[in-house]
Amino acid sequence: MKREFSVDKPILEVKGNFTWGLTDHGDEVGSEMSGDEILKKRIHLKHIDIKIKKGDLVVVVGEMGSGKTSLLNAILGEMISVPKDKME
């Protein structure tokens, strides 16, 4: 079976908000924040919208701690996608 690729159609598309999950970070312990408020505070990548086409050269650069590794983990599916309604 031969796969056909369109030059205009992305072969990788990542869109959304991502977190590592709800974990005990200490600052939420004993707080009166709701689960949704805690989740909003724990979101690590916000408003990601990436489309990569076949043949594109992509470079991820930024300062230490800016989210480069988190972005790559989101692309690999290693982070939890946060639904849009949980962002509001």
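Residues numbered from 1 in each chain as written. Predicted model: local features only at pLDDT ≥ 70, side-chain atom pairs only at ≥ 80, totals over all residues. Heavy atoms only, no water.

### Examining the nonpolar core
Right, on to step 1. By size, the foremost hydrophobic cluster in this structure holds seven residues: Val14, Phe18, Leu45, Ile48, Leu71, Ala74 and Met79.
Right, on to step 2. Elements with a contribution of two residues or more to this core: strand 1 (10-19), strand 2 (43-53) and helix 2 (68-76).
Right, on to step 3. With residues up to four places along the chain from it excluded, the contact list for Leu45 reads Gly16, Asn17, Phe18, Gly67, Ser70, Leu71, Ala74 and Met79. (Core = buried A, V, L, I, M, F, W, Y, C linked by side-chain atoms within 4.5 Å. Buried < 20%, exposed > 50% of the residue type's maximum accessible area, 1.4 Å probe, protein only. Helix = DSSP H or I, 4+ residues; strand = E, 2+ residues; numbered from the N terminus. Contact = heavy atoms within 4.5 Å.)

### As for the confidence of the model for the protein chain
Right, on to step 1. Overall, the prediction assigns the protein chain a mean pLDDT of 77, with 65% of residues at 70 or greater.
Right, on to step 2. At the level of individual helices and strands, the protein chain shows its lowest average pLDDT in helix 1 (residues 35-42), which scores 63, and its highest in helix 2, which scores 92. (pLDDT = per-residue confidence, 0-100.)

### Let's talk about a nonpolar patch on the surface
Right, on to step 1. Judged by side-chain polarity, Leu57, Val59 and Val61 come together as a nonpolar surface patch covering roughly 380 Å² of accessible area.
Right, on to step 2. Along the chain, Leu57 turns up in the loop between strand 2 and helix 2.
Right, on to step 3. Assessed through its relative accessible area of 79%, Leu57 is described here as exposed. (Patch = residues over 30% accessible without salt bridge, like charges linked within 9 Å, V, L, I, M, F, W, Y side chains within 5 Å. Areas by Shrake-Rupley, 256 points an atom, 1.4 Å probe, with all protein chains shown as cover. Salt bridge = Lys/Arg side-chain N within 4 Å of Asp/Glu carboxyl O.)

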